[in-house]
Amino acid sequence: MSFLDVESSLTGRRWLGPSVEISRAAELLAQDTPLPPALCAVLARRGVSANEAEAFLEPKLSELLPDPRKLKDMEAAAARFLEAVKQRQRIAIFADYDVDGGTSAALLITWLRAMGLPSTLYIPDRIDEGYGPNEAAMEGLARDHDLIICVDCGTLSHGPIEAAKGAEVIVLDHHLGGETLPPALAVVNPNRQDEDGNLGHLCAAGVVFLMLVEANRVMRGEGAQGPDLMAMLDLVALATVADVAPLTGVNRAFVRQGLKVMARRERPGIVALSDVSRMDSAPNSYHLGFLLGPRVNAGGRIGQADLGARLLSTDNLQEAKALSERLDQLNTERRDIEAAVRAAAMEQAEARGLDAPLVWASGEGWHPGVVGIVASRLKEATNRPAIVIGFDGDEGKGSGRSISGVDLGASIQRLAAEGLLIKGGGHKMAAGLTVARDKLEEAMERLSELLAKQGAGEAGPADLKLDGMLMPMAATPELIQDIEKAGPFGASAPAPRFAFPGVEIRFAKRVGDSHLKLTFGDETGTRLDAIAFGAFDTALGPTLQNHGGARFHLAGRLEINTWGGRQSVQLRLEDAAPA
């Protein structure tokens, strides 16, 4: 049964409230603990019992951190890494060009610098070299280095790693492994096919952090002290959120502790980036995912690939300021490029039909740095896995995003094995591919078949899940503080969403290109501000702006808005329906 009888909202979604079971569990939590009802509702949805509540609300890394040696090849990787440090060998770090790759590289560079050892950073150009190690780069690095560490890449790079003659290679990755492993000294990856998958939710920076934990453990056993790893958790937190890793288990502890480290403003790169992003409150997971992450990514998307990693690893504040300003500028350019590609891709996808198991679009000259973001937008708009491909001549480079329960990475890998792709790989929720123009239609048709077998295409627009109703007067800073105790929120741990029933729109104004700012209230005279990003991309913006005095149910997430040093409660409006 729909919540507030909303079967089709202004964005075409059905509203669903908490189930009877979750409501009962929330009531029991409220009876058995001193916790406020709104927090009990969030904990109940997460399946947390009264006995587990205290530990859940204060996740301790010491209790949740897995033994690094549970991962295959970990001991060999840490031993070779420490050998290179002790012998002052030449170490190169080959990293992916996204946030996860940049933070992984920064972790290693920071740790090595604390040990007095310089290292070489190599990040491939997205357009000229593409994702992951390539033979020319690996040959070049092997000539001048004793050890090459591939982070957030390398698991499928058999040829390039074979080409690294004269150097040994360690792979620290999390992307889905193939049937065979590359000829590296060690491949540490929780998503190798011979792993049990219990740590498959780690991003690459999490894997790198575990190797440094193991390295420090070995050093302690030898009577030596390793660098302070707790001070590096800001990097792990940024990667975990930006790579959309599920915020469960140790990932949740990584982010909770990492946000505390970040709030101390000790890392020059993150301080400078926070300032240029105009962050004026304590960092939270939203800031990591939507302010810092996109800017770190901007260099790899449309600029110089190593800017993000250099920013995150520098210990020079002046260099950090210059790099962050450049990345902020590139991020603005990226938005403009993305908007043009998104409009063309959506038009093409709509012409093809949005009810198939797969939504896809391709275009000549579409920038490979934005196809992943556009795929994410298509996925969000259609509740379908989406692929967007940019062609340059006869070869196209594409990126895909998936929905919950549909493993896109495995399907892309199968396409590559069947010869329909030049190459491809990834993980459950995201994947990359390279395809020949004459194989495009056949490849997409086959991918649609594979995804259909996993249930893609069966769902309509995603249902909007709500945690309950609130009256405007109940939306207080204290309520938000209570709810945030269950955080951090993100992938697999969505922030609670509430409905405000039958309220009046007191003020509505379009801001920017497509956003809506409004004020709403009820008979008590209480007023709340709300912001709806992208509202004019759907019927949400026009309908609420031209409300004509009608009442609406409004749904969204509560947040503290800081402006001019003052704090107030704001609703991040996601949907609405006539009351």
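This text goes with the structure placed above it.
Residues numbered from 1 in each chain as written. Predicted model: local features only at pLDDT ≥ 70, side-chain atom pairs only at ≥ 80, totals over all residues. Heavy atoms only, no water.

(A) Region of the structure containing helix H9 (residues 204–221). Look at H9: 26 Å from first C-alpha to last across 18 residues, which is about the 26 Å you get at 1.5 Å a residue. With its phi angle positive at about 85°, Gly223 sits one or two positions after the end of H9. (Helix = DSSP H or I, 4+ residues; strand = E, 2+ residues; numbered from the N terminus. Expected span 1.5 Å × (residues − 1).)

(B) View of the packing of helix H17 (residues 408–417) against helix H18 (residues 440–452). Where H17 contacts H18, the axes come no closer than 10 Å and their chain directions differ by 135°. The orientation of H17 with respect to H18, classified from their angle, is oblique. The hand of the H17/H18 crossing is right-handed. Within the contact between the two elements, H17 uses Leu408, Ser411, Ile412, Arg414 and Leu415 and H18 uses Ala443, Arg446, Leu447, Leu450 and Leu451. For the contact of H17 with H18, the class distribution of residues is 7 nonpolar, 1 polar and 2 charged. (Axes fitted to C-alpha atoms, helices over the stretch in contact; angles between N-to-C directions. Parallel < 35°, antiparallel > 145°, perpendicular 65-115°, else oblique. Left-handed = near helix turned anticlockwise from the far one by under 90°. Contact = heavy atoms within 4.5 Å. Nonpolar A, V, L, I, M, F, W, Y, C, P; charged D, E, K, R; others polar.)

(C) Summary view of unusual backbone geometry. The peptide bond linking Gly487 to Pro488 adopts the cis configuration, its omega dihedral lying at 5°. The phi dihedral of Arg88 is positive, around 55°, even though this residue is not glycine. Its place among the elements puts Arg88 in the loop between helix H5 (74–86) and strand E2 (91–95). The exposure class assigned to Arg88 is partly exposed, which follows from its relative accessible area of 43%. The phi torsion at Arg278 lies on the positive side, around 60°, for a residue other than glycine. Within the fold, Arg278 resides in the loop between helix H12 (268–276) and helix H13 (285–302). For Arg278, a relative accessible area of 59% puts it in the exposed group. (Buried < 20%, exposed > 50% of the residue type's maximum accessible area, 1.4 Å probe, protein only.)

(D) Structural context of the packing of helix H6 (residues 99–114) against helix H10 (residues 233–242). Two elements in contact, H6 and H10, have axes whose closest approach is 8 Å; the angle formed by their N-to-C orientations is 165°. The angle between the axes of H6 and H10 places the two elements in the roughly antiparallel class. Once H6 is placed against H10, the crossing between them reads as left-handed. Each of Val99, Asp100, Thr103, Ala106 and Leu107 in H6 lies in contact with H10, whose residues at this interface are Leu235, Val236, Leu238, Ala239 and Ala242. Residue composition of the contact of H6 with H10, by class: 8 nonpolar, 1 polar and 1 charged.

(E) Examining the environment of Gly393 more closely. In this structure, Gly393 sits in the loop between strand E8 (386–392) and strand E9 (395–401). In the structure, Gly393 is positioned 43 residues away from Ala436 in sequence and 9.3 Å away in space, judged by C-alpha atoms. Residues contacting Gly393, with those up to four places away along its chain left out, are Glu364 and Arg437.

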